[in-house]
Amino acid sequence: MIKYMIVLCELSRKKYFVEYNEKFKINDTVVFNVDSDSLIGRVLTDCRECNEKDLELPLPTIERVANKDDLKNFENNKNKADKALSDAKNYAKELELDMNFVDCYYTLNQNQLIFNFTADDRIDFRNLAKKLAGKYKTRIELRQIGVRDKAKRIGGIGPCGLFLCCNTFLTDFNSVSINMAKNQNLALNPSKINGLCGRLYCCLSYEDEVYSKLRKELPEVGEIINKNGVKGKVISLDILNNKYRIETDDKGIVDLDG
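The notes below deal with the structure included here. (Residues numbered from 1 in each chain as written. Predicted model: local features only at pLDDT ≥ 70, side-chain atom pairs only at ≥ 80, totals over all residues. Heavy atoms only, no water.)

### Quick notes on the environment of Asn-174
Link 1 in the chain: In this structure, Asn-174 sits in the loop between helix H4 (165–168) and helix H5 (178–183).
Link 2 in the chain: Of the residues examined, Asn-174 reaches a relative accessible area of 46% and is grouped as partly exposed. (Helix = DSSP H or I, 4+ residues; strand = E, 2+ residues; numbered from the N terminus. Buried < 20%, exposed > 50% of the residue type's maximum accessible area, 1.4 Å probe, protein only.)

This is how it looks when you write it as structure tokens:
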């Protein structure tokens with residue numbers, strides 16, 4: 001078993017599984033190392049354990065609690081990144097690249113300058129990367145991200161009135177299918193089941209297992225039922241209450257238990 005902690009990178013909003021170190025506690029602002037780059041993040045969890053096969057090893061390590069110099073560099077890097085983002089947009093326009101930049105940030109040691117963008121098609125950004133590298137004299141990484149990743153980074157308020165799940169506690173995007181909405185008898189209207197990213201709500205998956213199990217105990221809509229001397233066609237389901245409604249041959253409506 002491997003012991004680990006979860007650290008949220010303050011700039012990328014990405015959660016990292018890092019090597020457990022008892023010196024660091026929940027909510028500590030720390031400097032941690034990922035592929036020789038230093039990042040600032042916040043410790044989200046205490047010690048956790050899982051099998052080695054479930055983690056990509058070796059894990060990043062926490063170097064220290066962020067000090068005043070680290071925090072000062074962090075703020076300076078944010079200001080420099082804002083200027084770099086403006087330049088990248090101008091260069092992309094000059095090169096006629098159809099890119100929508102989301103954000104950009106430096107690693108703490110300025111070894112890398114990372115740009116995130118969305119685009120409808122694959123983008124050949126080699127010339128753009130050369131122009132940026134020539135000006136900023138550091139390693140440039142341009143990442144084309146999806147609309148769900150964009151929502152995760154920007155955040156927002158969902159129809160439930162809470163902050164987006166992807167921006168607060170989800171570490172990965174689970175697969176969400178239209179069948180999950182069907183299982184819950186939701187109207188298959190995109191405006192009702194799609195999130196701010198334009199994709200299906202992540203929360204559709206939270207209760208899908210329960211709905212799938214309960215539906216097995218009920219007939220399908222349209223099925224002909226003959227129960228307790230009452231015969232009719234199933235016209236609706238009340239899954240959570242284990243009930244269904246049928247329309248009888250004389251057009252009467254009867255509610256039955258599953």
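### A word on unusual backbone geometry
Link 1 in the chain: The peptide bond linking Leu-57 to Pro-58 adopts the cis configuration, its omega dihedral lying at -5°.
Link 2 in the chain: Take Pro-58: it is sitting in the loop between strand S5 (48–50) and strand S6 (61–65).
Link 3 in the chain: Of note, the phi angle at Ser-36 is positive, near 70°, even though the residue is not glycine.
Link 4 in the chain: By the secondary structure assignment, Ser-36 is in the loop between strand S3 (29–34) and strand S4 (37–43).

### Comments concerning the layout of surface pockets
Link 1 in the chain: If you add up the space inside the largest pocket, you get close to 1,000 Å³.
Link 2 in the chain: Taken together, 32 residues make up the lining of the largest pocket; nearest its centre are Lys-14, Lys-15, Tyr-16, Val-34 and Glu-56.
Link 3 in the chain: If you list the elements that add at least two residues to the lining of the largest pocket, you get strand S2 (15–19), S4, strand S8 (112–118), strand S9 (139–144) and helix H3 (147–154).
Link 4 in the chain: In the lining of the largest pocket, the residues fall into 13 nonpolar, five polar and 14 charged.
Link 5 in the chain: What the second largest pocket holds in volume is close to 350 Å³. (1 Å grid on protein atoms, 1.4 Å probe; cavity = no way out; pocket = protein on both sides within 12 Å on 5 of 7 lines; lining within 4 Å. Points joined across faces, edges and corners; volume = space filled by probe spheres on them. Nonpolar A, V, L, I, M, F, W, Y, C, P; charged D, E, K, R; others polar.)

### Here's the deal with the pattern of salt bridges
Link 1 in the chain: A complete count under the given rule lists 13 salt bridges for this structure.
Link 2 in the chain: For Asp-70, the salt bridge identified is with Arg-64, shortest N-O distance 2.7 Å.
Link 3 in the chain: Note that Arg-126 and Asp-124 form a salt bridge whose closest N and O atoms lie 2.7 Å from each other.
Link 4 in the chain: A single salt-bridge network, built from bridges that share partners, covers Glu-10, Arg-13 and Arg-42. (Salt bridge = Lys/Arg side-chain N within 4 Å of Asp/Glu carboxyl O.)

### Notes on the sheet that holds strand S7 (residues 100–106)
Remark on secondary structure: sheet strands pair via backbone hydrogen bonds, oriented parallel or antiparallel.
Link 1 in the chain: Read from one edge of the open sheet, three strands run S7-S8-S9, paired in mixed fashion. The sheet is open, and its two edges are formed by S7 and S9, each paired on a single side. Strand after strand, the sheet turns through a mean of 20° between neighbouring axes, direction not considered.
Link 2 in the chain: Pairing geometry for S7 and S8, over six bridges, is antiparallel. Across the sheet, the residue bridging to Asn-100 is Thr-118, located in S8.
Link 3 in the chain: Packing of helix H1 (residues 68–94) onto the sheet brings it into contact with S7 and S8, and relative to S7 it is tilted by some 145°. (Pairing = 2+ DSSP bridges. Axes fitted to C-alpha atoms, helices over the stretch in contact; angles between N-to-C directions. Contact = heavy atoms within 4.5 Å.)

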